[in-house]
Structures are given as structure tokens and as C-alpha cells.
Amino acid sequence: PTRRSCRTFQDLFLQETAGKPLLLPKIQPLGDIDEEDLSLSLADEKSIQEIMSLPPAISPLKRRILLAKTIAGIRDYTQSFDQALALADALSAFMDQIIIEGLDLSNLANIVPEEFANHWQITLDFLKILSEYWPLILHEEQVIEPAERRNRLMYILAKHWQKTRPSAPIIAAGSTGSMPATATLMDVIAGLPNGKIILPGLDKNL
């Protein structure tokens with residue numbers, strides 16, 4: 001679910017009412033939590049303080065350039081800055097996937113069979129850019145990864161709803177909960193007094 005799909009969803013409500021004015025439900029895309037809307041939905045001061053204390057997310061352009069500069073500064077990996085940019089894009093996608101899945105880089109050395117150890121070591125040395133250098137750069141820039149920030153916002157919202165148990169209807173639709181942070185939020189919603197989960201393409205006959 002994205003912001004674009006939310007706008008389409010709003011249009012469908014108007015189609016159902018033949019364009020007559022109506023009060024729409026609040027529609028928020030999962031995986032794209034809006035910080036301002038989230039702050040307004042959290043009544044207790046502790047949750048709002050948690051949001052306010054989160055570092056900002058690094059911008060995609062700045063991340064790409066900083067990663068490329070780091071790669072270019074290491075011998076034997078690239079012959080041009082264009083190559084460094086391409087590798088930075090690949091590392092960014094890999095890093096996003098790790099964060100989204102709630103994993104880390106600490107066990108990379110142990111996941112490959114011994115017969116591939118020599119080839120894998122080359123990859124491990126390259127991935128030290130993410131495991132060793134990149135956290136230091138983020139700390140120096142006082143930012144965090146966008147995926148990490150999104151995860152934290154969803155966990156804050158899940159914890160808040162689990163604690164306050166709102167009675168208003170809250171419906172999570174169109175997501176399979178394949179990402180850990182999303183699955184946690186959906187699990188909390190399912191347990192609310194008027195919470196509902198609508199799974200896309202669910203085959204009840206399987």
C-alpha cells in the first residue's frame with residue numbers, strides 16, 4: 001500500500017456515493033507512516049517524545065553520494081566514480097532489505113558453506129562498508145536509514161495501540177504482513193476491540 005493507492009481508495013468512496021460529499025475515514029499507507037499524522041494520533045506524551053527523539057532519515061541522494069565516496073576511497077573495488085555510484089545503489093537496496101526484514105550483518109560470515117569460503121570472503125570484505133564504515137558515517141551525520149525510521153514509527157504506533165486499545169474501527173487492508181514491523185502492527189490491530197485485518201487475495205479453500 002502506497003500514498004497513490006490511498007488516493008485511488010478515496011476516489012472509490014466518491015464513486016460509491018455518486019460524488020456526494022461524505023466524511024472519509026482516515027487512510028494511512030502501511031510502510032509509509034506520516035510522522036505528523038502519527039503524532040496527532042498518539043495521545044500520551046511518552047509516545048510523542050519517542051517520535052520527537054528519533055533522528056531524521058538520510059535523504060536518498062545524500063546516502064547515494066556518501067556510499068559512493070566511501071566505496072571509491074577503498075582500493076581495488078572501482079575504477080571510476082560511475083562504478084562507485086552503481087555499487088552504492090546495489091548496497092542501498094541490499095541494506096534496505098536487511099532493515100525491512102529486521103536482520104543484521106553480524107552472521108554473514110556463517111551463512112555460506114565452507115567450500116565457497118574463499119569467494120565469499122571477498123564479498124564479506126566488501127560488505128564491511130555496511131557493517132563497519134556506514135554506521136559511523138550515519139552517526140557522524142546524525143541521521144538513520146529511512147527504512148529503520150519507518151520501522152521504528154510503526155513499532156511506536158503498535159505499542160501505543162496495544163496500550164490504549166482504541167475502540168474506534170481500525171482496519172488494515174491490502175497487506176500480507178510480510179515485513180516484521182508491519183506484521184507486528186497488524187497483529188496489534190487484529191486484537192483491538194474493533195480492529196479488522198483484510199488480507200488481499202486470500203484463498204479460503206487452500
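Look above for the structure.
None of the values given here were measured: they were computed from a predicted structure.

K.L.:
What exactly am I supposed to notice about the side chain of Ser92 here?
P.N.:
Relative to the helices and strands, Ser92 is located in helix 5 (residues 81-100). Ser92 sits in the buried class, given a relative accessible area of 9%. When neighbours within four sequence positions are excluded, Ser92 is seen to be in contact with Arg63 and Leu67.

K.L.:
Which parts of the structure should I look at to understand the environment of Val188?
P.N.:
With respect to the helices and strands, Val188 occurs in helix 8 (residues 180-190). It is 9.6 Å that separates the C-alpha atoms of Val188 and Leu157, two residues lying 31 residues apart in sequence. With residues up to four places along the chain from it excluded, the contact list for Val188 reads Ala158, Trp161 and Gln162.

K.L.:
What is the right way to read the pattern of salt bridges from this model?
P.N.:
One side chain can pair with another of opposite charge once the charged atoms of both are near each other. Under the criterion given, the structure shown has six salt bridges. Across the pair Asp89 and Arg64 runs a salt bridge whose closest N-O atoms are separated by 2.8 Å. Here Arg64 lies in helix 4 (residues 60-72) and Asp89 lies in helix 5, a separation of 25 residues in the sequence. Note on Arg64: relative accessible area 32%, which makes it partly exposed. With a shortest N-O distance of 2.9 Å, Glu148 and Arg152 are connected by a salt bridge. Taken together, the positions of Glu148 and Arg152, both in helix 7 (residues 146-164) and four residues apart, correspond to about one turn of that helix. A residue is classified by how much of its surface remains accessible, and Glu148, at 27% relative accessible area, is partly exposed. When salt bridges with common partners are traced through the structure, they connect Arg63, Asp96 and Glu145 into a single cluster.

What counts and what doesn't
Residues numbered from 1 in each chain as written. Predicted model: local features only at pLDDT ≥ 70, side-chain atom pairs only at ≥ 80, totals over all residues. Heavy atoms only, no water. Helix = DSSP H or I, 4+ residues; strand = E, 2+ residues; numbered from the N terminus. Buried < 20%, exposed > 50% of the residue type's maximum accessible area, 1.4 Å probe, protein only. Contact = heavy atoms within 4.5 Å. Salt bridge = Lys/Arg side-chain N within 4 Å of Asp/Glu carboxyl O.

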